[in-house]
Amino acid sequence: KDFPFGFFYNHFIRLGDHILEYGSGVCPLANSFVEVNKQPAFTYSFVEVECEHYRFGKWRLRKKSPETTFNFFTVDHEKPIPDFSNVTNFDFVSMLDVLEHLPNPLDVIHNVTSNLNGGGYLLETWVQHEHGPGHSDLHEAEEQREDVFKFIGENYDMVMEPIAGYRVWKKK
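Residues numbered from 1 in each chain as written. Predicted model: local features only at pLDDT ≥ 70, side-chain atom pairs only at ≥ 80, totals over all residues. Heavy atoms only, no water.

Trainee: Kindly report on the overall build of the protein chain, identifying the contributing residues and their values.
Mentor: In terms of regular secondary structure, the protein chain is built from five helices and seven strands. Mapped from its N terminus to its C terminus, the protein chain presents α and β elements in the order α-β-α-β-α-β-β-α-β-α-β-β. A principal-axis box enclosing the C-alpha atoms of the protein chain has dimensions of 45 × 35 × 35 Å. For the protein chain, the residues scored as buried account for 49% of the 172 residues in total. Put simply, 72% of the contacts in the protein chain that link residues at least 6 apart link residues at least 24 apart. (Helix = DSSP H or I, 4+ residues; strand = E, 2+ residues; numbered from the N terminus. Buried < 20%, exposed > 50% of the residue type's maximum accessible area, 1.4 Å probe, protein only. Contact = heavy atoms within 4.5 Å.)

What follows is the structure, encoded as structure tokens:
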């Protein structure tokens, strides 16, 4: 409720779009949209490690909008890249405060990009904490940061300069 997700809803997402929340936790973006649109207006997919927050997000969305299509993908150290072959490509991908926590952000951004429609949007933040990698951030992620942003720059155009760390990219 603290972040005005409606801004992204109004500017970058169209009715009927397929939205992916990667590193979704309690699924805040979808929850915000479901509250605004009582009728199913989007298809949603989520990627997260199995945890209490994710279980709560799944329960809350299914309770609030039982007619909406929700696809849930769980990743872990044995299966770090989700298999999206059973869902349609995405139109909008949200990756908020997640890239710095992944052991393989370059593989993940490749996978997300290959499953994002041309002209689709990527909303991302890559937080660089004062303490640097090693606390909650991974050294492996930091080592790949430059390559990740090089790949993003080659495959996307920035359409919204960073605002409070949020960047929006449009796939070429």
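Moving on from the model shown.
Trainee: Outline the packing of helix 4 (residues 105-114) against helix 5 (residues 139-155), supporting the account with residue identities and numerical values.
Mentor: Viewed as axis vectors pointing N to C, helix 4 and helix 5 meet at an angle of 25 degrees, and their least axial separation amounts to 8 Å. The orientation of helix 4 with respect to helix 5, classified from their angle, is roughly parallel. Note on element contacts: helix 5 touches helix 4 through Ala141, Gln144, Asp147, Val148, Phe151, Ile152 and Asn155, opposite Pro105, Leu106, Ile109, His110 and Thr113. Of the residues assigned to the contact of helix 4 with helix 5, the class counts are seven nonpolar, four polar and one charged. (Axes fitted to C-alpha atoms, helices over the stretch in contact; angles between N-to-C directions. Parallel < 35°, antiparallel > 145°, perpendicular 65-115°, else oblique. Nonpolar A, V, L, I, M, F, W, Y, C, P; charged D, E, K, R; others polar.)

Trainee: Residues and numbers for the pairing of strand 2 (residues 43-48), please.
Mentor: Along strand 2, five of the six residues are buried, which leaves the element largely enclosed by surrounding structure. Sheet analysis places strand 1 (residues 18-22) next to strand 2, joined by five bridges and oriented parallel. When the bridges of strand 2 are listed, Glu21 appears paired with Phe46. Taken together, strand 1, helix 2 (residues 28-36) and strand 2 constitute a β-α-β crossover, and its handedness is right-handed. Pairing of strand 2 with strand 3 (residues 69-74), which is carried by six bridges, proceeds in the parallel orientation. Bridging from a neighbouring strand, Phe46 pairs with Phe72 of strand 3. A crossover connection joins strand 2 to the parallel strand 3 through helix 3 (residues 52-64); in handedness this β-α-β unit is right-handed. (Pairing = 2+ DSSP bridges. Right-handed = clockwise from strand over helix to strand, strands pointing away.)

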